[in-house]
Amino acid sequence: MDHHLAARARHERRKGRLFMLGAALCFSTGGVLVRFVGEAAPVAIVFWRSVFMFAFIAVVLLAIHGRALPARVRSMRSHAIASAAFLGATFFFYVFAVSNTTVANASVLMSTGPIFLALAAWAFLAERPPASVWATIAAAMAGIALMFSEGMGAGRLPGNLYALGVPLAFTVNYIFLRRAPGKIDPVPVMMLAALFSALAALPLAAALAAPLGAPPRAFALFAALGVLQTGLGCVLMSLAIHRLPAAELGLIALTEAVLAPLWVWLGVGEAPGPNALAGGAIVLGAVALNQAWALRAERRAAVATARE
């Protein structure tokens, strides 16, 4: 019986890895799709991307829950609603980041999410981070400083700041989920986040005097951003979350930070500067080593528990 359970656990973990790898592949296409849209205002990209994402996830949830979906959405508590609001904020930060800095810069800076999560868990969940996390933070901060030194000279400072807003807002979203009194299904939260993001884009577009319209061909790209890049990516990630430990989830997620600049380089010939490359390598290396160390510690703990 124990052998059967162990085999099933391994099978579920393999499925989780495939789901998370698929999610990272979907997420990594965002930068090049935004570059292809080009002429549309960033707030218009946020609006239409969110509309298509909302529609896609609503269809998925309707297929799963049917007529019970409206009741499930109405039953969402304050923690889920707050989580959705901050997750929706990441959609704005992402698009404005890649519109104001290189995709390589944005991807690397967003990959610092595990660092912010560790600090937030220490501050709000009483989870003391190990020494390896503090070493990772020190190395990552050095890499980020190197990237920002180039960004200031190239006019990319606003984009770099928007990029850091993504892991910060996502961390707040995570804390709300963790502190919720019961287990929250992440998929309805993602749908609600898309709705909030679309609604928030309307007054922002008016304030910026930015048109929400775009050439007809851009709507195919908006659909790709909403359905494939975020919608499908979020659904796949939700399937991976409960099958993988946090460290392994974060390690596979770094695939996005590696692939996103590659697609933009191949698609539009965008290449980061030398300081961004060096700083990015330091950040990615530090985060990857930290996640690998955490995964090793989790596996050792699981082996020790199995022997008891």
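Analysis parameters
- Residues numbered from 1 in each chain as written.
- Predicted model: local features only at pLDDT ≥ 70, side-chain atom pairs only at ≥ 80, totals over all residues.
- Heavy atoms only, no water.
- Helix = DSSP H or I, 4+ residues; strand = E, 2+ residues; numbered from the N terminus.
- Salt bridge = Lys/Arg side-chain N within 4 Å of Asp/Glu carboxyl O.
- Buried < 20%, exposed > 50% of the residue type's maximum accessible area, 1.4 Å probe, protein only.
- pLDDT = per-residue confidence, 0-100.
- Axes fitted to C-alpha atoms, helices over the stretch in contact; angles between N-to-C directions.
- Left-handed = near helix turned anticlockwise from the far one by under 90°.
- Contact = heavy atoms within 4.5 Å.
- Nonpolar A, V, L, I, M, F, W, Y, C, P; charged D, E, K, R; others polar.
- Parallel < 35°, antiparallel > 145°, perpendicular 65-115°, else oblique.

Attention now goes to the environment of leucine 289. Structurally, leucine 289 can be placed in helix H13 (residues 274-307). In this structure the C-alpha to C-alpha distance between leucine 289 and valine 133, which are 156 residues apart in sequence, comes to 9.8 Å.

The next thing to look at is the pattern of salt bridges. A side chain with one charge may pair with a side chain of the opposite charge, provided their charged atoms come close. Scanning the entire structure with this criterion turns up five salt bridges. With a closest N to O distance of 3.6 Å, lysine 15 and glutamate 12 form a salt bridge. Taken together, the positions of lysine 15 and glutamate 12, both in helix H1 (residues 2-28) and three residues apart, correspond to about one turn of that helix. By relative accessible area, which is 27% here, lysine 15 ends up partly exposed. For arginine 35, the salt bridge is made with glutamate 270, and the minimal N-O distance between the two is 2.6 Å.

This part covers unusual backbone geometry. Phi at alanine 209 is positive, roughly 55°, even though this residue is not glycine. Relative to the assigned elements, alanine 209 resides in the loop between helix H10 (186-208) and helix H11 (216-241). Its relative accessible area of 68% is what places alanine 209 among the exposed residues.

With 94% of its residues at a pLDDT of 70 or more, the protein chain has an overall mean of 85. Looking at the elements of the protein chain, mean pLDDT is at its lowest for helix H8 (residues 131-153), recorded as 74, and at its highest for helix H3 (residues 42-65), recorded as 95.

Okay, the packing of helix H6 (residues 103-110) against helix H9 (residues 157-178) next. Between H6 and H9, the shortest axis-to-axis distance is 8 Å and the interhelical angle comes to 30°. When the axes of H6 and H9 are compared, the crossing they make is right-handed. Residues Asn105, Ala106, Leu109 and Met110 of H6 form the contact with H9, whose participating residues are Asn160, Ala163, Leu164, Val166 and Pro167. Counted by class, the contact of H6 with H9 contains seven nonpolar, two polar and no charged residues.

So, on to the packing of helix H5 (residues 78-98) against H10. It is at 7 Å that the axes of H5 and H10 come closest, and there the two elements cross at 55°. Here H5 lies oblique to H10, going by the angle between them. Classified by chirality, the crossing of H10 by H5 is right-handed. Contact residues: Ala80, Ile81, Ser83, Ala84, Ala85, Leu87, Gly88, Phe91, Phe92 and Phe96 in H5; Val189, Met190, Leu192, Ala193, Ala194, Phe196, Ser197, Ala200, Ala201 and Leu204 in H10.

This part is about the side chain of threonine 90. Mapped onto the elements of the fold, threonine 90 is located in helix H5. On the basis of relative accessibility, which here comes to 7%, the residue threonine 90 falls in the buried class. Ignoring sequence-local partners within four residues, the contact set of threonine 90 consists of Val166, Ala169 and Phe170.

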